[in-house]
Amino acid sequence: MSAAVATPPVPAVAGPALGSTLTGTGMLLRFMLRRDRTRILWWTLGVTLLYAGGLGEYVLLDDPDASAARSVLVSSPAMVSMTGPGYGIDDYTPGAAVANEFILWVVLTLAVMSILQVVRHTRAEEESSRSELVRAGAVGRHAPSVAALLLVLVMNVVIAVTSAVAVTAQGFDAGQSFAMTSAIALGALVFGAVALVAAQAYEHGRGAVGVSLAALGAAFLLRALGDVQERHGSALSWLSPIAWVQQTRVFVDLRWWPLGLCVAAIVVLIVVAAFLGSRRDFGGGLVAVRPGHPDARPTLTGPGPLAWVQQRGALMWTALGLGLMWLGSGTIIREVPKMLDAVEGNPIYTALLGSNEDMVRTFLGIFGLYIAAGAAAYGTAAALRVKGEEEAGRTEITLATPVSRGRWFASSLVVALLGTVVVQLTGALALWFGAASTGYDDVRFGEYLELGLAYLPALAVLVGLAAALYGWLPRATGVAWVMVGYVFLVGMFADLFDLPEWARKISPFWWVGNPALEQVEASHLWGLGGVAALLFVLAFLGFRRRDVPAV
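Since this is a predicted model, take the numbers as computed values, not measurements. (Residues numbered from 1 in each chain as written. Predicted model: local features only at pLDDT ≥ 70, side-chain atom pairs only at ≥ 80, totals over all residues. Heavy atoms only, no water.)

Asker: Pulling in residues and values, what's your account of the overall build of the chain?
Answerer: When you go through the chain residue by residue, the secondary structure sums to 25 helices and zero strands. Considering the chain as a whole, with its 551 residues, one finds that 47% of them fall into the buried category. Nonlocal contacts in the chain, meaning residues at least 24 apart in sequence, comprise 76% of its contacts between residues at least 6 apart. Entry remark: accessible area of the chain is about 26,300 Å², with carbon and sulfur atoms responsible for 66%. (Helix = DSSP H or I, 4+ residues; strand = E, 2+ residues; numbered from the N terminus. Buried < 20%, exposed > 50% of the residue type's maximum accessible area, 1.4 Å probe, protein only. Contact = heavy atoms within 4.5 Å. Areas by Shrake-Rupley, 256 points an atom, 1.4 Å probe, with all protein chains shown as cover.)

Next comes the structure, spelled out in structure tokens:
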């Protein structure tokens, strides 16, 4: 007779509690704030100064003729696609103009900031393996993602408050100003949440950033097409988070309920990101990575082809994205003379903008500055890619092979310089094509080409500065980005801020002037070329003398 053996019940395994998956969120947020305190400062100052300097022209719209002229200009389909749905166009007050023309571009700016910050503190941290060390402590699975999104929330709130103060200081209604900047911050946060989802799906930070920027571009396109189809926006417009911000009708007939769509989208995206994050391996993504070739191609025989392979994707998407933007900008040029026709006899606008031809070329000069600023940002990022290679430890491994420091460094810089030239000339040609597509041919093709070529020596100076800082002081490479922002501020707001002559001469772009209005002095171009050459020589000397990796 055998005795029955009782089997003890197997206890059920409970899933992790919500609190455990968020453990350490506050600690990580404090660390991120401390780590990014300089970035937060510069972003805040940059956007606040953009408001402080960029709203000055709207004060002129208190004049009835100026207001009528502006409303005519922004009512064209080309301008609607580049501004907003046109609320308040019948009584185009300075506030209505700011809301209609300014919101789009600030949302785009802060959306890019939010995307970069979220990916930087989530997927990029996993790629570098730092997040693995953090997760080894008392840190929950979702804590890094939540902390990153809270960081972006803090940044957008700080920028919204300082920007609202800057707008109010220029005579705009305080309540409406805070409503506008708050709505912009909420709209930007939607794209931060998009980046959070992309960081779960893609294994590499570049992929997450690319998909997030593509979503931002799609939102821009949907809003533009929808607003062109119907005044004040069609059903297509409502598919874009950018339109949700503009549909608040700030400074015209303020309504808050469209922002509920932003809140709902953020909540949904957070839930989706949490769901995806709970079902993937740490360091992995949900989108399969395409396997590479089993053997390297014959062309990959040195650091030059390798640098090209590493940078070609960023170059292609940057040139395409910025090129489409300048293509759309070119379609506006034909509409510019109508503005002067509408204010004929108005002494304020006539003194400010001059004749039709001068006004068109003044606008071309502004577009040329925008194009060069975009190329400068790309060139600086491409030149500083070598710093990321060094921090990841790949530079040390490469230099252990029969590759000299000079050859490795030169290969990366040559690719960065050629990419900068491509971005610059692509932008100038896209501007020409946009104008030509509308039938505007008063400015010849060669003049657009000269507009692009004139900035190349100045761009070489900025790339050389980034290279020199990396060669001597890798920890100070942030100065290169400060210079990119500085040259743009000097080009746009030097007269507004009444900057002294010596402060203007620091900017390489100052020596170029406005190529659309006047011939650039050859001595200035030669001088910029000489400064760029000197910076590159200093970069190579510094890189040859210092330790790799820098300690």
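Asker: Give me the packing of aromatic side chains: which residues, what numbers.
Answerer: Following the criterion strictly, the structure yields 15 aromatic pairs and no others. Relative to Phe-445, the ring of Trp-432 has its centre 4.9 Å away and its plane inclined at 75°; by these criteria the two rings are edge-to-face. Of this pair, Trp-432 sits in helix H20 (residues 405-437) while Phe-445 is found in helix H21 (residues 445-454), placing the two residues 13 residues apart along the sequence. Looking at Trp-432, the relative accessible area reads 28%, which means it is partly exposed. (Phe/Tyr/Trp six-rings, centres within 6.5 Å; stacked < 30°, edge-to-face > 60°.)

Asker: How would you explain the packing of helix H3 (residues 37-54) against helix H23 (residues 478-493) if you had to name every residue and give the values?
Answerer: Look at H3 against H23: their axes get within 11 Å of each other, and the N-to-C directions meet at 5°. With respect to their mutual orientation, H3 and H23 come out roughly parallel. Two secondary-structure elements touch here, H3 through Trp-42, Leu-49, Leu-50, Gly-53 and Gly-54 and H23 through Val-482, Leu-489 and Phe-493. (Axes fitted to C-alpha atoms, helices over the stretch in contact; angles between N-to-C directions. Parallel < 35°, antiparallel > 145°, perpendicular 65-115°, else oblique.)

Asker: Describe the nonpolar core, with residues and values.
Answerer: Tyr-51, Ile-103, Leu-110, Met-180, Ile-184 and Ile-242 are the most contacted members of the largest nonpolar core, which has 63 residues in total. Elements with a contribution of two residues or more to this core: helix H2 (25-35), H3, helix H6 (94-121), helix H9 (143-168), helix H10 (174-201), helix H11 (205-229), helix H12 (241-246) and helix H13 (258-277). Setting aside residues up to four positions removed in sequence, Leu-110 forms contacts with Val-47, Asn-156, Ile-159, Ile-184 and Ala-188. Within the second largest apolar cluster, 58 residues are counted, among which are Val-403, Ala-430, Tyr-470 and Ala-480. (Core = buried A, V, L, I, M, F, W, Y, C linked by side-chain atoms within 4.5 Å.)

Asker: Lay out empty space enclosed by the protein in plain terms, naming residues and giving numbers.
Answerer: Taken as a whole and judged by the stated rule, the model has one cavity of 30 Å³ or more. Surrounding the largest cavity, Pro-85, Tyr-87, Ala-96, Ala-99, Asn-100, Ile-103, Gln-246, Arg-249, Val-250 and Val-252 form its lining. In terms of residue count, H6 provides more of the lining of the largest cavity than any other element does, four residues in total. A breakdown of the residues in the lining of the largest cavity according to their chemical character gives seven nonpolar, two polar and one charged. (1 Å grid on protein atoms, 1.4 Å probe; cavity = no way out; pocket = protein on both sides within 12 Å on 5 of 7 lines; lining within 4 Å. Points joined across faces, edges and corners; volume = space filled by probe spheres on them. Nonpolar A, V, L, I, M, F, W, Y, C, P; charged D, E, K, R; others polar.)

Asker: Go over H2, please, and point to the residues and values.
Answerer: Three or more residues of H2 are buried, namely Thr-25, Leu-28, Leu-29 and Met-32. Projection of H2 onto a plane perpendicular to its axis shows the buried side chains occupying an angular sector of 100°, all on one side. Those residues of H2 that are exposed and aimed more than 90 degrees away from the buried face are Arg-30 and Arg-34. The inward-facing, buried residues of H2 contact H6, helix H8 (130-135) and H9. (Arc of directions from axis to C-beta.)

Asker: Provide a residue-level description of the pattern of salt bridges, including the pertinent values.
Answerer: What the rule picks out here adds up to nine salt bridges. In this structure, the salt-bridge partner of Glu-125 is Arg-35, at a minimum N-O distance of 3.3 Å. Note that Glu-125 is positioned in helix H7 (residues 123-127) and Arg-35 in helix H2, a separation of 90 residues in sequence. For Glu-125, a relative accessible area of 11% gives the class buried. (Salt bridge = Lys/Arg side-chain N within 4 Å of Asp/Glu carboxyl O.)

Asker: Before we move on, could you go through the environment of Thr-426 and cite the residues and values that matter?
Answerer: Structurally, Thr-426 is set in helix H20. A polar atom in the side chain of Thr-426 sits 2.6 Å from the backbone oxygen of Val-422. (Polar contact = N/O pair within 3.5 Å; in protein donor to acceptor, adjacent residues only side chain to side chain.)

Asker: Describe unusual backbone geometry, with residues and values.
Answerer: What is expected of a backbone is that most residues other than glycine have negative phi and most peptide bonds are trans. Even without a glycine there, the phi angle at Arg-249 is positive, about 55°. The topology assignment puts Arg-249 in the loop between H12 and H13. Notably, Phe-251 is not glycine yet its phi reads approximately 70°, a positive angle. Among the secondary structure elements, Phe-251 is positioned in the loop between H12 and H13.

Asker: How would you explain a nonpolar patch on the surface if you had to name every residue and give the values?
Answerer: Together, Leu-150, Leu-153, Val-157, Val-161, Val-165 and Phe-178 make up an exposed nonpolar region whose accessible area comes to about 450 Å². Among the elements that take part in the nonpolar patch, H9 stands out by supplying five residues, more than any other. Mapped onto the elements, Phe-178 comes out in helix H10. (Patch = residues over 30% accessible without salt bridge, like charges linked within 9 Å, V, L, I, M, F, W, Y side chains within 5 Å.)

Asker: Which residues make up the environment of Ala-373, and what values do they have?
Answerer: Locating Ala-373 in the fold gives a position in helix H17 (residues 356-383). Linking Ala-373 and Leu-459, residues 86 residues apart in sequence, is a C-alpha distance of 8.8 Å. Discounting chain neighbours no more than four positions away, the residues touching Ala-373 are Phe-488 and Phe-509.

Asker: Which residues make up the packing of H6 against H11, and what values do they have?
Answerer: Packing of H6 against H11 leaves a shortest axis separation of 10 Å and a crossing angle of 160°. Classified by the interaxial angle, the pair formed by H6 and H11 is roughly antiparallel. Considering only the axes of H6 and H11, their crossing is right-handed. Contacts between H6 and H11 involve Leu-104, Leu-108, Ala-111, Val-112, Ile-115, Leu-116 and Val-119 on the former and, on the latter, Gly-205, Ala-208, Val-209, Ser-212, Leu-213, Leu-216, Phe-220 and Arg-223. By residue class, the composition of the contact of H6 with H11 is twelve nonpolar, two polar and one charged. (Left-handed = near helix turned anticlockwise from the far one by under 90°.)

Asker: Would you mind going over the layout of surface pockets in detail, with residue names and values included?
Answerer: Estimates place the volume of the second largest pocket at around 410 Å³. Lining the second largest pocket are 24 residues, with His-142, Ser-145, Val-146, Leu-196 and Ala-274 sitting closest to its centre. Secondary-structure elements contributing two or more residues to the lining of the second largest pocket are H8, H9, H10 and H13. No other element matches H9, which puts six residues into the lining of the second largest pocket. For the lining of the second largest pocket, the per-class residue count stands at 13 nonpolar, six polar and five charged.

What is shown is where atoms sit, not what they do.
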